[in-house]
Amino acid sequence: MYVDNCAMQLVRNPKHFDVIITENMFGDILTDQAAMLTGSIGMLPSASIGGSVALYEPVHGSAPDIAGQKKANPIATILSAAMMLKYSFHMPEAADSVSQAVSAVLEKGYRTPDIMEDGKTPVNTEEMGELIRKHIIGES
Ligand SMILES: NC(=O)C1=CN([C@@H]2O[C@H](COP(=O)(O)OP(=O)(O)OC[C@H]3O[C@@H](n4cnc5c(N)ncnc54)[C@H](O)[C@@H]3O)[C@@H](O)[C@H]2O)C=CC1
Ligand SMILES: CC(C)CC(=O)C(=O)O
């Protein structure tokens, strides 16, 4: 499939896709587009795995437009660490506890600005991280 058609089909019928194999530049563009289909690029972890070395990072960049405003969603970074625990350190239970903490905090209605909806509780970057940390260590 050509990338222009892929960009259109991603919006028209995202469930048509499971794995997309592509080269670097088109993949970079399509992942940002796909991120918004899920709600926010601040929610998406990533892993680059191959050979003996793996790299785990959020899909997003340094978000300079919101630097210092405590608006950045830390969940993509936290879930990247969960992937590292699972795939590099072979600690699936630790990985699950991180992922479950993220789900639990979201289920309780806490939201950073990028995923805020009516009726939910707004929190900043630090507060979201702290809520997740407390859930992991059983303090909430
Ligand atoms: N994986 C990587 O290493 C990446 C690095 N970059 C680098 O980051 C810098 C900024 O690039 P941009 O094009 O601005 O992309 P970016 O991903 O940093 O930001 C794009 C948009 O998404 C928002 N955003 C990003 N992360 C967010 C988060 N955690 N919570 C809420 N909103 C978030 C930003 O506020 C901005 O509006 C550049 O130096 C670029 O090269 C960009 C993308 C990926
Ligand atoms: C320098 C950029 C191409 C980085 C980027 O957008 C990415 O890694 O997703």
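Residues numbered from 1 in each chain as written. Chains lettered and ligands numbered in written order. Predicted model: local features only at pLDDT ≥ 70, side-chain atom pairs only at ≥ 80, totals over all residues. Heavy atoms only, no water.

The name that an unreviewed UniProt entry assigns to the protein is 3-isopropylmalate dehydrogenase, with the source organism given as Calderihabitans maritimus.

Colleague: How should helix 5 (residues 125-136) be read in this particular structure?
Modeller: For an α-helix, the turn length of 3.6 residues means that residues three or four places apart are oriented alike. Over its 12 residues, helix 5 extends 17 Å from the first C-alpha to the last, a length consistent with the 16 Å expected when each residue adds 1.5 Å. The distance from a side-chain oxygen at the start of helix 5 to the backbone nitrogen of Glu126 is 3.0 Å, and the residue carrying that oxygen is Asn124. (Helix = DSSP H or I, 4+ residues; strand = E, 2+ residues; numbered from the N terminus. Expected span 1.5 Å × (residues − 1). Polar contact = N/O pair within 3.5 Å; in protein donor to acceptor, adjacent residues only side chain to side chain.)

Colleague: Is there a simple way to think about the layout of surface pockets in this case?
Modeller: Which parts of space are left empty comes out when a probe the size of a water molecule is rolled across the atoms. By volume, the largest pocket amounts to about 490 Å³. Taken together, 16 residues line the largest pocket, and the ones lying closest to its centre are Asp18, Ile20, Leu30, Thr31 and Ala34. The element that contributes the greatest number of residues to the lining of the largest pocket is helix 2 (residues 24-38), accounting for 7 residues. Of the residues assigned to the lining of the largest pocket, the class counts are 11 nonpolar, 4 polar and 1 charged. (1 Å grid on protein atoms, 1.4 Å probe; cavity = no way out; pocket = protein on both sides within 12 Å on 5 of 7 lines; lining within 4 Å. Points joined across faces, edges and corners; volume = space filled by probe spheres on them. Nonpolar A, V, L, I, M, F, W, Y, C, P; charged D, E, K, R; others polar.)

Colleague: What should I look at first to understand the side chain of Gln9 in this one?
Modeller: Along the chain, the position of Gln9 falls in helix 1 (residues 3-12). Since its relative accessible area comes to 15%, Gln9 is described here as buried. Apart from the residues lying within four places of it in its own chain, the contact partners of Gln9 are Met1, Pro14 and Phe17. (Buried < 20%, exposed > 50% of the residue type's maximum accessible area, 1.4 Å probe, protein only. Contact = heavy atoms within 4.5 Å.)

Colleague: Looking at this model, I keep getting lost on the environment of Ala63. Mind explaining?
Modeller: Within the secondary structure layout, Ala63 lies in the loop between strand 2 (53-58) and helix 3 (75-87). For the pair Ala63 and Ser52, spaced 11 residues apart in sequence, the C-alpha separation works out to 30 Å.

Colleague: Honestly, a nonpolar patch on the surface in this entry has me stumped. Any pointers?
Modeller: On the surface, a nonpolar cluster with roughly 290 Å² of combined accessible area is contributed by Met25, Phe26 and Ile29. The residue Ile29 is located in helix 2 in this model. (Patch = residues over 30% accessible without salt bridge, like charges linked within 9 Å, V, L, I, M, F, W, Y side chains within 5 Å. Areas by Shrake-Rupley, 256 points an atom, 1.4 Å probe, with all protein chains shown as cover. Salt bridge = Lys/Arg side-chain N within 4 Å of Asp/Glu carboxyl O.)

Colleague: Mind showing me how you'd approach the pairing of strand 1 (residues 45-50) here?
Modeller: Regular strands place side chains that alternate from one sheet face to the opposite one. Where strand 1 and strand 2 come together, 6 bridges link them in antiparallel fashion. Each residue of the ladder has a partner; that of Ile49, found in strand 2, is Ala54. (Pairing = 2+ DSSP bridges.)

Colleague: Can you walk me through the environment of Val53 in this structure?
Modeller: Among the structural elements, Val53 can be located in strand 2. The class of Val53 is exposed, set by a relative accessible area of 60%.

Colleague: Explain helix 3 to me, please; I cannot follow it from the model alone.
Modeller: Over its 13 residues, helix 3 extends 18 Å from the first C-alpha to the last, a length consistent with the 18 Å expected when each residue adds 1.5 Å. Among the residues making up helix 3, those that are buried are Ile75, Ala76, Ile78, Leu79, Ser80, Ala82 and Leu85. Residues of helix 3 that are buried in the fold lie against strand 1, strand 2, helix 4 (92-107) and helix 5.

Colleague: Sorry if this is basic, but what is going on with the nonpolar core here?
Modeller: Considering soluble globular proteins, one finds that nonpolar side chains tend to be buried as a cluster. Ile75, Val102, Leu106, Met128 and Ile132 are the most contacted members of the largest nonpolar core, which totals 16 residues. Among the secondary structure elements, those contributing two or more residues to this core are helix 3, helix 4 and helix 5. Counting residues per element, this core draws most heavily on helix 4, which supplies 6 residues. Discounting residues that sit within four places of it in the chain, Met128 has contacts with Pro74, Ile75, Val105, Leu106, Tyr110, Arg111, Thr112 and Val123. (Core = buried A, V, L, I, M, F, W, Y, C linked by side-chain atoms within 4.5 Å.)

Colleague: I keep staring at unusual backbone geometry and nothing clicks. Help me out?
Modeller: One non-glycine residue, Ala63, lies in positive phi territory at about 45 degrees. Look at His90: it is not a glycine, yet its phi comes out positive at around 55 degrees. Among the secondary structure elements, His90 is positioned in the loop between helix 3 and helix 4.

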